[in-house]
Amino acid sequence: MSSSQSLIDSRPVSAAHLLAERAKATPEDEAYRYPVPDGLANTETWHSLTWAQTADRVTAIAAGLLALGLRREDRVAIASSTRVEWILADLGAMYAGAAATTVYPSTNAEETVYILADSGSRAIFVEDEAQLAKVTEHAGSLPGLRHAIVFDTPAGAPDAEGLEILSLADLEKRGAAYLNEHRGAVEDAVQGIEREHLATLIYTSGTTGRPKGVRLVHDCWSYQGVAQEVSGLLRPDDVQFLWLPLSHVFGKALICGQIRTGHVMVVDGRVDRIVTNLPAVRPTVMASAPRIFEKVYNGIAGRARAEGGTKYKIFQWAAKIAREYARTVEVSGATPGKRRAPLSLALRHAVADKLVYGKIRAAFGGRLRGSVSGSAALAPDIGYFFAGAGVPVLEGYGLTETSAACTVNRPDDYRIGTVGRPLPGTEIRIAQDGEVLLRGPGVMRGYHNLPETTAEVLESDGWFRTGDIGEVDQSGFLRITDRKKDVFKTSGGKYVAPTEIEGRFKAVCPFVSNILVIGNGRNYCTALIALDEAAVQTWARTHGLADLGYTALVSSPQVHELIDGFVQRVNADLQRWQTIKKFSLLPRDLDIEHGELTPSLKIKRPVVERTYANLIEAMYDGAREA
């Protein structure tokens, strides 16, 4: 048995046990760093919690929940953006033996009420008055919900119908008083946790229909923590920058890995602060979604194009060298550093590094040894660019139903265009129709209150049907080719995988934000394309269109001609039935607010197709193309 498998097999019972072990092992080490505003100076400073301080606050929160009457597996919801209080509340619920129900702060009131009712949540942590209002306005519809704990509202907020409202500080005070009378209550609650006790209900943001509550037990999170450590993804000396939504399974899994390894986690969920924070935080590791790297790449390319002349030619040359270098030295099972580039390529890469790549690394803080990317596919050309520039993007794969990652590329073992090898303890099988099946400790125990739906995807022997189409190469790397439900057949009987075409377009077009390829039951493929507003406006300033706003720009013949050039470049490498015959530029980007993107930035295809049905039909009116 390998040492990695031995660690997996001997993993602790829960994430609560992971935290207790961590606080005991390195009590004075820094655990979390987070921004705190200074109202008088109109600035903010970074504050820290050690592991001992973290455990103390988590214990107080857990005791407060016990004082409110919460007991084992009772649901406690959290509706907040990513911040240190989110983590403390989640760990506090775990310490009490309760189960957290996550709610995206962007979720509307109707769906929030549905999640709270379906989960049977008895208490909820909310970020501020806006999140609280979603609950208080519908308190009468939630008779089981008895308590709301507010992060940003002081004590004294009036109670709603049958709902007690208190601040987080008040909850911790209640916890301290409770422990005076019930010493050891929290320790007893932790020791009473069993592997198969419910730990978390995460409602899938889903691209269709009502969200489903995914039941993840304590063993899922313990497994995630240990598997990330033994895979070499995280190290004790890391500084990780966390801005991803903690309501998403990816964010929660990262916390488990951080607790296991004991490194510093810098927490700030404000997306508009990412660029500012990176040079200040100087992370060594960061997790992200592909869209962030696409936007960074498009921004770099756009600025270089706007400067024109020699600078643009240098960027184009450096981008080409980065991709060539990355393809040459790409590690896939080889010893790190064993594969070397030919001397001529190494010299050109060194020159490009001084001229271009060093500036890119500096923008990420200068210390980033890798960034794990998930939730959607990253265009390989963009992956090769960043790898060649010294900022490798390590793609991974997982679902809410697998407690996040089940495969991932490692810093010393990666293959761009794949989602890596399985984590230790996870098995992969490809069904006859190409569907990826998974089995392992991270797989959910079912959908909450939906036994029939559970039976459709979870087999009796533990294999989970992912709904994704993929293949495993001879070295064990998994490649996801599309969602099973997204693959469509044209009226001519040809199958098309839209994600593959969309990825190719994103790789060649620096102006695209989102693209949706359409063609199910049609006689040719078309596309809806949303442009990156900043990138296209930068282009406009150098082409005599600076006075036009975004909507006017995408309606202009000049921009249509610009994008058509990229469409034709993609079409040149596709089969005839895959080619995009027509496209429409959308008047605005897709977003969460209009229900077109999930909180993890996946496109809700049916919503987009309904919203822009008129544009789609116009692309097929009078069509006779084969």
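Scroll up to find the structure.
Please read these numbers as outputs of a predicted model, since none were measured by experiment. (Residues numbered from 1 in each chain as written. Predicted model: local features only at pLDDT ≥ 70, side-chain atom pairs only at ≥ 80, totals over all residues. Heavy atoms only, no water.)

Student: Please give an account of helix α15 (residues 380-388) that cites residues and values.
Tutor: Taking burial as the measure, the nine residues of α15 include seven buried ones, the bulk of the element. Among the residues of α15, those classed as buried are Ile-382, Gly-383, Tyr-384, Phe-385, Phe-386, Ala-387 and Gly-388. On its buried face, α15 is in contact with α12 (290-307), α13 (309-329), α14 (343-363), β14 (393-399) and α17 (498-508). Just downstream of α15 lies Gly-390, where phi reads positive at about 90 degrees. (Buried < 20%, exposed > 50% of the residue type's maximum accessible area, 1.4 Å probe, protein only. Helix = DSSP H or I, 4+ residues; strand = E, 2+ residues; numbered from the N terminus. Contact = heavy atoms within 4.5 Å.)

Student: Before we move on, can you summarise the sheet that holds strand β9 (residues 213-217) with the specific residues and values?
Tutor: Strand order in the open sheet formed by seven strands is β7-β6-β5-β3-β4-β8-β9, and the pairing between neighbours is mixed. Two strands in the sheet have a free side with no partner beyond their single neighbour: β7 (164-167) and β9. Each strand axis lies, on average, 20 degrees off the axis of its neighbour in the sheet, ignoring direction. By the bridge criterion, four bridges tie strand β5 (residues 123-126) to strand β6 (residues 147-150) in an arrangement that is parallel. Within the sheet, the bridge partner assigned to Ala-123 lies in β6 and is His-147. (Pairing = 2+ DSSP bridges. Axes fitted to C-alpha atoms, helices over the stretch in contact; angles between N-to-C directions.)

Student: Now, about helix α2 (residues 15-25): what can you tell me, with residues and values included?
Tutor: Along α2, the positions that sit buried rather than exposed are Ala-15, Ala-16, His-17, Leu-18, Leu-19, Arg-22 and Ala-23. Looking at the buried side of α2, the elements it contacts are α3 (51-67), α4 (84-95), α8 (185-191), α9 (218-230) and α10 (249-261). At the N-terminal boundary of α2, the capping side chain belongs to Ser-14, with an oxygen 3.2 Å from the backbone nitrogen of Ala-16. (Polar contact = N/O pair within 3.5 Å; in protein donor to acceptor, adjacent residues only side chain to side chain.)

Student: Tell me about the pattern of salt bridges, residues and numbers included.
Tutor: Evaluation of the coordinates by the stated rule reveals 34 salt bridges. Asp-473 is the partner of Arg-415 in a salt bridge, and the nearest nitrogen-oxygen pair spans 2.6 Å. Placement of the pair is Arg-415 in the loop between β15 (404-408) and β16 (421-422) and Asp-473 in the loop between β19 (464-472) and β20 (478-483), with a sequence separation of 58 residues. Shared partners join several salt bridges into a network, and the residues in it are Glu-44, Asp-268, Arg-270 and Arg-273. (Salt bridge = Lys/Arg side-chain N within 4 Å of Asp/Glu carboxyl O.)

Just distances and angles here, no functional claims.
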